[in-house]
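Architecture and fold: a report
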Amino acid sequence: EPFAAADPELPGVDDVGTGHSNLLGYAYDGFGIYGLRGEDGGEVTNADLDECHGHTHTITWDGKQVSMYHYHATREFPYTVGCFRGTPLQHTFSG
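1. Remarks on the confidence of the model for the protein
Scored by pLDDT, the protein has a mean of 83; 79% of the residues are at 70 or more. When the criterion is pLDDT under 50, residues 1-6 qualifies, and its contacts beyond four places in sequence or with other chains add up to 22 contacts.

Have a look at this one:
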């Protein structure tokens, strides 16, 4: 099941400012999940994203500008990650 750590109602998702939203976290496949704003600073919608709820363009990654696939939070279902673009980690946690 896709990781959906960023509900648009949680603090940090509805960030204010200009330009692309900040990194909020990572999906199980390792791609970043960003907030509501796309590269032009406008709020992204499902129509701006692919079936997994992401797209590719230049973002700041590890202090560098790189063209990379990433997910976005939106105010529309599935809100963050709809499916995995990459291969999810298979890890079992034990206590």
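2. Remarks on a negative patch on the surface
Together, Glu-39, Asp-40, Asp-48 and Glu-76 line one region of the surface with negative charge. Tracing the backbone shows Asp-48 in the loop between β2 (32-34) and β3 (54-61).

3. With respect to the nonpolar core
By size, the foremost hydrophobic cluster in this structure holds six residues: Ala-27, Ile-33, Cys-52, Tyr-69, Tyr-71 and Val-81. Excluding anything up to four places from it in sequence, Cys-52 contacts Tyr-69, Tyr-71, Thr-80, Val-81, Gly-82, Cys-83, Phe-84 and Arg-85.

4. Notes on the sheet that holds β3
The four strands lie next to each other as β1-β2-β4-β3, forming an open sheet whose pairing is mixed. Pairing within the sheet leaves two strands with one partner each, and these edge strands are β1 (23-26) and β3. Sheet twist, expressed as the mean angle between neighbouring strand axes with direction ignored, is 50°. Here β1 pairs with β2 via three bridges, running antiparallel. Residue pairing across strands places Leu-23 opposite Tyr-34, the latter belonging to β2.

5. Digging into the state of the cysteines
One way to say it: the disulfide is the covalent bond shared by the sulfur atoms of two cysteines. Tallying each qualifying case throughout the model produces one disulfide. Each sulfur in the disulfide pair Cys-52 and Cys-83 lies 1.9 Å from the other. Taking the sign of the S-S torsion, -95° for the link of Cys-52 and Cys-83, the bridge is left-handed. On the criterion of sequence distance, the pair formed by Cys-52 in the loop between β2 and β3 and Cys-83 in the segment after β4 (64-72) is long-range, its members being 31 residues apart. The class of Cys-83 is partly exposed, set by a relative accessible area of 25%.

6. What to know about the pairing of β4
Bridge analysis of β2 against β4 gives two bridges, and the strand direction is parallel. Counterpart to Tyr-34 in the pairing with β4 is His-72. Sheet analysis places β3 next to β4, joined by eight bridges and oriented antiparallel. Counterpart to Thr-58 in the pairing with β4 is Ser-67. Hairpin connection between β3 and β4: a loop of two residues separates the two successive antiparallel strands, and Asp-62 in this loop has a positive phi of roughly 55°.

Thresholds, definitions, all that
Residues numbered from 1 in each chain as written. Predicted model: local features only at pLDDT ≥ 70, side-chain atom pairs only at ≥ 80, totals over all residues. Heavy atoms only, no water. pLDDT = per-residue confidence, 0-100. Contact = heavy atoms within 4.5 Å. Patch = residues over 30% accessible without salt bridge, like charges linked within 9 Å, V, L, I, M, F, W, Y side chains within 5 Å. Areas by Shrake-Rupley, 256 points an atom, 1.4 Å probe, with all protein chains shown as cover. Salt bridge = Lys/Arg side-chain N within 4 Å of Asp/Glu carboxyl O. Lys, Arg positive; Asp, Glu negative; His and termini not counted. Charge placed at Lys NZ, Arg CZ, Asp CG, Glu CD. Helix = DSSP H or I, 4+ residues; strand = E, 2+ residues; numbered from the N terminus. Core = buried A, V, L, I, M, F, W, Y, C linked by side-chain atoms within 4.5 Å. Buried < 20%, exposed > 50% of the residue type's maximum accessible area, 1.4 Å probe, protein only. Pairing = 2+ DSSP bridges. Axes fitted to C-alpha atoms, helices over the stretch in contact; angles between N-to-C directions. Disulfide = S-S within 2.5 Å.

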